[in-house]
Amino acid sequence: MSKEVLVTGGLGFIGSHTVVEMFSNGYIPIIVDNLSNSSEEVLYGIKKITGKVPTFYNLDVNNKTALSNVFFQHKIQAVIHFAAYKAVGESVQKPLMYYRNNVGGLITLLEVMQENNCHNIVFSSSCTVYGQPTNLPVDESSPVAIPASPYGNTKKICEEILYDNHAFNVVSLRYFNPIGAHPSSMIGELPLGIPNNLVPYITQTAIGLREKLTVYGSDYNTPDGTCIRDYLHVCDLADAHILALERINSIGFGEKEGHFEVYNLGTGNGFSVKEVIDTFISSTGVNLNFTYGPRREGDVEKVWANPSKANKILGWKTKRNLTEMLVSAWEWQKKMNSK
Ligand code: UD1
C-alpha cells in the first residue's frame, strides 16, 4: 500500500516536526504549504535531520485546481491538515480572513479528497474549544464552550464539519500548548514579527531581541497568581500524528464508513507562567528581564489535559519534561541568531 500522506502546512512549526517523524516511520510526506507563516528553508532543516527532502508544493489549500493536481500526481492515502492561521488577537481584528482561510480551506480540502476517493484525515484542533473548563484536568467529554475568539471558533466549526461528514475517517487532535524544538536545532518555531506566544517571547527576550517579557496578569486564582497551561514538547506532539495515522489505518483505511474521534494531547501537568520563567532561568542559566502587566483579553485562567484517552487508545505518552522543552527552544533561538 502506498504510504503517501499529504501534509498541509507541513513547513510550519508542528508540521515540520511531524514530517521528520513520518520519514522515521516509513511514510512519504507530500507537503503543501503557501509559506504564509513558514519558509522554504525548513526543507533543508528536514533534510539535515532525515537525509531526505520531502516533495513540496508551494500552494494554498484554498486553490482547488492546484490541490486537485497534487492528488492527481500522488496516491494520497491520508491527509494531516495543519494549514491554518493561528494568532488569536489577529483573528479578532480580521475574522473573515480567519473563516475564509481556516474553514474555507478545510472545505476545499475535503471536496478534493472526496473527488479523489481519499477518506482519511488527521485534523489539528486545539484545547481552546473547551474555553475555561469547570473540571480539571479536562477530558474529551467536557463540553465545548462558546469560543473566545474567531480563531477558536474556526477550530470548533472545522470539528463540526468533520463530524457531520460521514464519508471521512477523522482523528481530531486537540493540542494544549506545544513548545520546544527538535533536539538537533535544525527545525523549530519561526514566529513572524513580535511573538504572541509565551515561549518564543521568552527566548527572544533572553537573546536580546525584545527588551522585556510582560507576564499577562498576576492576580489569577492560581498558587502564584499567573495563568496555568499544559505545555508539551513539539516532538511528542509529532509522535501523536503518527499514532493517529495508525489509528485511522486500524479502524478502516479507505473504508466508506465515517468515523470521528477526538483526543486531548497534553502532558497532564499544568505549569504557571512564573514556573515556566523560573524553569527557563534555572535550566539555561540565562537571565530573563520580565515584568508583571495586566491580564490579556481572552486568556483562560487555567487549563490542563487529561490525556488518558490518547494514552490508552493511541498508545501515546509524552517523553520530554518542561526543562527539555525550554532548553530545546533556547538552543533553537541561539541557532537562529547565529545565522
Ligand atoms: C493560544 C490559544 C491556543 C492556540 C495557541 C497557539 C486560546 C485560549 N489559546 O494559547 O488555542 O492554539 O495560542 O497560537 O485561544 N503570556 C504572557 N506573556 C506573553 C505571552 C503569553 O504572560 O508575552 C501568557 C499567557 O497569558 C498565557 C500563557 O503565557 O497564560 C501562554 O500563552 P500563549 O503561549 O499565547 O498560549 P495560549 O494563549 O495558551
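Here's a quick rundown of the structure. Small disclaimer: the values here were computed from a predicted structure and weren't measured. (Residues numbered from 1 in each chain as written. Predicted model: local features only at pLDDT ≥ 70, side-chain atom pairs only at ≥ 80, totals over all residues. Heavy atoms only, no water.)

With respect to helix 5 (residues 95-115)
Here helix 5 is 21 residues long and its end C-alpha atoms lie 29 Å apart, about the 30 Å a rise of 1.5 Å per residue gives. The largest bend in helix 5 amounts to roughly 30° and is located at Gly 104. Within the sequence span of helix 5, burial applies to Tyr 98, Asn 101, Asn 102, Val 103, Gly 104, Gly 105, Leu 106, Thr 108, Leu 109, Leu 110, Val 112 and Met 113. In this structure, the buried residues of helix 5 make contact with strand 1 (4-8), helix 3 (64-73), strand 4 (76-81), helix 4 (88-93), strand 5 (120-126) and helix 6 (150-164). One or two positions beyond helix 5, positive phi appears at Asn 117, with a value near 60°. (Helix = DSSP H or I, 4+ residues; strand = E, 2+ residues; numbered from the N terminus. Expected span 1.5 Å × (residues − 1). Bend = angle between axes of the 7 residues up to and from the residue. Buried < 20%, exposed > 50% of the residue type's maximum accessible area, 1.4 Å probe, protein only. Contact = heavy atoms within 4.5 Å.)

Some remarks on the pattern of salt bridges
Within this structure, the stated rule accounts for 14 salt bridges. A salt bridge links Lys 64 to Glu 115; the shortest N-O distance between them is 3.0 Å. In this pair, Lys 64 is assigned in helix 3 and Glu 115 in helix 5, connecting sequence segments 51 residues apart. Overall, the relative accessible area of 30% leaves Lys 64 in the partly exposed class. Judged by its relative accessible area of 54%, Glu 115 is exposed. For the salt bridge of Asp 299 with Arg 229, the shortest nitrogen-to-oxygen distance reads 3.6 Å. One end of the pair, Asp 299, is in the loop between strand 13 (290-293) and helix 10 (308-314); the other, Arg 229, is in strand 9 (residues 228-229), and 70 residues separate them in sequence. Exposure remark for Asp 299: the relative accessible area of 22% places this residue in the partly exposed category. Arg 229 sits in the buried class, given a relative accessible area of 11%. Look at the salt bridges and you will find they share partners, linking Asp 236, Asp 239, Lys 319 and Arg 320 into a network. (Salt bridge = Lys/Arg side-chain N within 4 Å of Asp/Glu carboxyl O.)

As for the nonpolar core
Of all hydrophobic cores here, the largest spans 45 residues; its most connected members are Met 22, Ile 46, Leu 173, Phe 176, Leu 245, Leu 265 and Trp 316. For this core, the secondary structure elements donating two or more residues are strand 1, helix 1 (13-24), helix 2 (42-50), strand 4, strand 6 (169-175), helix 8 (234-250), strand 11 (259-265) and helix 10. For this core, the leading source of residues is helix 8, giving eight residues. Contacts of Met 22, omitting those with residues within four sequence positions, involve Val 5, Val 7, Tyr 27, Pro 29, Ile 80, Ile 242 and Leu 245. Among the nonpolar cores identified, the runner-up in size contains 25 residues, and Leu 59, Val 61, Leu 67 and Ile 76 belong to it. (Core = buried A, V, L, I, M, F, W, Y, C linked by side-chain atoms within 4.5 Å.)

Section: the packing of aromatic side chains
According to the stated counting rule, one finds four aromatic pairs in the structure shown. Taking 5.5 Å as the distance between ring centres and 90° as the angle between the ring planes, the aromatic pair formed by Tyr 163 and Phe 260 counts as edge-to-face. Placement of Tyr 163 in helix 6 and of Phe 260 in strand 11 is noted, with a sequence separation of 97 residues between them. Classification of Tyr 163 as exposed rests on a relative accessible area of 52%. According to the relative accessible area criterion, Phe 260 is partly exposed, its value standing at 24%. Consider the rings of Phe 290 and Tyr 292, whose centres lie 5.8 Å apart with planes at 85°: the pair is edge-to-face. Since its relative accessible area comes to 25%, Phe 290 is described here as partly exposed. It is Lys 309 that lies over the ring of Tyr 263; its NZ or CZ is 4.7 Å from the centre. (Phe/Tyr/Trp six-rings, centres within 6.5 Å; stacked < 30°, edge-to-face > 60°. Lys NZ or Arg CZ within 6 Å of the ring centre and 35° of its normal.)

Some remarks on the side chain of Ser 124
Note on placement: Ser 124 falls in strand 5. In this structure the side chain of Ser 124 is engaged in a polar contact, spanning 2.7 Å, whose partner is the side chain of Tyr 175. With residues near it in sequence (within four places) discarded, Ser 124 still touches His 81, Phe 82, Lys 155, Leu 173 and Tyr 175. (Polar contact = N/O pair within 3.5 Å; in protein donor to acceptor, adjacent residues only side chain to side chain.)

Looking at the site of the ligand
Surrounding the ligand, one finds 20 residues, the nearest of these being Ser 126, Leu 198, Thr 214, Arg 229 and Asp 299. Thr 128 places a side-chain nitrogen or oxygen 3.3 Å from an oxygen atom of the ligand. Between the ligand and Asn 177 there is a distance of 2.9 Å, counted from an oxygen atom to a side-chain nitrogen or oxygen. Computed on the free molecule, the ligand has an accessible area of 750 Å², of which 90% lies beneath the protein chains in the complex. At the level of elements, helix 7 (198-206) and strand 8 (213-216) are the ones that each hand at least two residues to the shell around the ligand. Ranked by residues supplied to the shell around the ligand, first place goes to strand 8 with four residues. (Near = heavy atom within 4 Å. Areas by Shrake-Rupley, 256 points an atom, 1.4 Å probe, with all protein chains shown as cover.)

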